[in-house]
Amino acid sequence: MYFIIDGILLAILFLVIFFGLKKGFTGNWIFNIIRTLIALAGGVGAAVGVYFLMSHFGWLEVMSDSVKDFFGRAKAPLANYVNSQSFLIIFKVIAFLPFGVVFAILGYVLFYWLLGLITKVFTVPLEKFRENKVWRIIDGVFGLIFNLAIFGVITLAIFGVIYTLNSSDLYTHVLGEGVLPNVNHSIEDGMHETLSAGVVSGFLYNNNPLNAMLAGMF
């Protein structure tokens, strides 16, 4: 099993090097991920903003009445709590859900499109520069370094978490003694042995500089 992990790591490393040199720093894939995350945050922010706007003008109060009436006709004991403040807030959220989904999608599309325009303003001139061989080499080197840094941080962080879980009783502090006792055993006999046995994964796993830091945190 360990050679599969080594194979996956080497395959990812090859792709990291290949696309780092080919796309360079300016065309790095991480910027598309950041663009997507910002657009998602913008969509959520748009939905939340509309929610508070509708709540401010009292529209949600009217919209939530039908939801309240629906649950009010339900059998006890649920019908006994429909007038509580907590349930009234839940009714508002339920009534707002269709509008929330629509505005979240619209916000995401709008932010994604605007970020695309902003990105083009910077990337189009840089792509022109990439027609120059010297700049293309420099950009490729920066892209390679950036990709390797991201790959290294993510890999070492995952390995460090597994190492920390294996070498400590962290799960007992979270779940308590005697709760799911097979969790730690599974990690120790599964992931730990697999990662330790590999040539590449074993070296990274056992010599991970994050091991000591994460173990000290937990």
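The structure displayed is predicted, hence computed values, not measured ones.

Caption draft 1: Representation of the overall build of the chain. From N to C terminus, the chain includes nine helices and zero strands. Secondary structure elements of the chain, listed N to C terminal, follow the sequence α-α-α-α-α-α-α-α-α. Counting every position in the chain, which comprises 218 residues, the buried fraction comes to 27%. Pairs at least 24 apart in sequence give 74% of the contacts found in the chain among residues at least 6 apart. Counting only carbon and sulfur atoms, one obtains 75% of the accessible surface of the chain, whose full area is about 14400 Å².

Caption draft 2: Helix 8 (residues 199-206), seen in detail. Residues Ser201, Gly202 and Tyr205 constitute the buried set of helix 8. The buried side chains of helix 8 occupy one side of the element, clustering within an arc of 100° when seen end-on. Of the residues in helix 8, the exposed ones pointing more than 90 degrees away from the buried face are Val199 and Phe203.

Caption draft 3: Local environment of the nonpolar core. Within the largest apolar cluster, seven residues are counted, these being Leu9, Val16, Phe151, Phe159, Ile162, Leu195 and Tyr205. Among the secondary structure elements, those contributing two or more residues to this core are helix 1 (2-23) and helix 5 (133-167). Top contributing element to this core by residue count: helix 5, with three residues. Those residues in contact with Leu9, other than ones at most four positions away along the chain, are Phe151, Thr155, Phe159, Val200 and Ser201. One finds Val50, Tyr51, Leu60 and Phe96 within the second-largest nonpolar core, a separate group that totals five residues.

Caption draft 4: Geometry of the packing of aromatic side chains. Under the criterion given, the structure shown has seven aromatic pairs. Judged by centre distance (5.1 Å) and plane angle (80°), the ring pair of Phe18 and Phe19 falls under edge-to-face. Accessibility expressed as a relative area gives 38% for Phe18, which makes it partly exposed. Ring pairing ties together the aromatic residues Phe14, Phe18 and Phe19, which thus form one cluster. When the ring centre of Tyr112 is taken as reference, the NZ or CZ atom of Arg35 above it lies at 3.7 Å.

Caption draft 5: Representation of a nonpolar patch on the surface in the model. Nonpolar side chains collect at one region of the surface, where Phe25, Phe31, Ile34, Ile38, Val134, Ile138 and Phe142 lie side by side and expose about 610 Å² of accessible area between them. Of all elements in the fold, only helix 2 (30-56) and helix 5 reach the threshold of two or more residues within the nonpolar patch. With respect to the secondary-structure elements, Ile138 resides in helix 5.

Caption draft 6: Here's a closer look at helix 2. In a regular helix each residue adds 1.5 Å, so 27 residues correspond to 39 Å; helix 2 covers 39 Å between its end C-alpha atoms and thus fits that length. Every buried residue belonging to helix 2 is among Ile30, Arg35, Ala39, Gly42, Gly43, Ala47, Val50, Tyr51 and Met54, and all of these are buried. Immediately beyond the C-terminal end of helix 2, within one or two residues, lies Gly58, with a positive phi of roughly 80°.

Caption draft 7: Structural context of the confidence of the model for the chain. This prediction gives the chain a mean pLDDT of 76; 74% of its residues lie at or above 70. For the chain, helix 6 (residues 170-175) is the element with the lowest average pLDDT, namely 48, and helix 2 is the one with the highest, namely 86. Per-residue pLDDT stays below 50 along residues 172-185; that stretch engages in 12 contacts with residues further than four places along the chain or on separate chains.

Caption draft 8: Molecular detail of the environment of Leu210. In this structure, Leu210 sits in helix 9 (residues 210-217). Spatially, the C-alpha atom of Leu210 lies 9.5 Å from that of Thr164, the residues being 46 residues apart in sequence.

Caption draft 9: Representation of the side chain of Ser201 in the model. Relative to the helices and strands, Ser201 resides in helix 8. The class for Ser201 is buried, based on a relative accessible area of 0%. Discounting chain neighbours no more than four positions away, the residues touching Ser201 are Ile5, Asp6, Leu9, Phe159, Thr194 and Leu195.

Caption draft 10: How the structure looks around the packing of helix 5 against helix 8. Here helix 5 crosses helix 8 at 70°, and the two axes come no closer than 9 Å. Between helix 5 and helix 8, the crossing angle belongs to the class labelled roughly perpendicular. Here the hand of the crossing between helix 5 and helix 8 comes out right-handed. Along its contact with helix 5, which presents Thr155, Leu156, Phe159, Ile162, Tyr163 and Asn166, the element helix 8 presents Ser201, Leu204 and Tyr205. In terms of residue class, the contact of helix 5 with helix 8 is made up of six nonpolar, three polar and no charged.

Each value, and the rule that gives it
- Residues numbered from 1 in each chain as written.
- Predicted model: local features only at pLDDT ≥ 70, side-chain atom pairs only at ≥ 80, totals over all residues.
- Heavy atoms only, no water.
- Helix = DSSP H or I, 4+ residues; strand = E, 2+ residues; numbered from the N terminus.
- Buried < 20%, exposed > 50% of the residue type's maximum accessible area, 1.4 Å probe, protein only.
- Contact = heavy atoms within 4.5 Å.
- Areas by Shrake-Rupley, 256 points an atom, 1.4 Å probe, with all protein chains shown as cover.
- Arc of directions from axis to C-beta.
- Core = buried A, V, L, I, M, F, W, Y, C linked by side-chain atoms within 4.5 Å.
- Phe/Tyr/Trp six-rings, centres within 6.5 Å; stacked < 30°, edge-to-face > 60°.
- Lys NZ or Arg CZ within 6 Å of the ring centre and 35° of its normal.
- Patch = residues over 30% accessible without salt bridge, like charges linked within 9 Å, V, L, I, M, F, W, Y side chains within 5 Å.
- Salt bridge = Lys/Arg side-chain N within 4 Å of Asp/Glu carboxyl O.
- Expected span 1.5 Å × (residues − 1).
- pLDDT = per-residue confidence, 0-100.
- Axes fitted to C-alpha atoms, helices over the stretch in contact; angles between N-to-C directions.
- Parallel < 35°, antiparallel > 145°, perpendicular 65-115°, else oblique.
- Left-handed = near helix turned anticlockwise from the far one by under 90°.
- Nonpolar A, V, L, I, M, F, W, Y, C, P; charged D, E, K, R; others polar.

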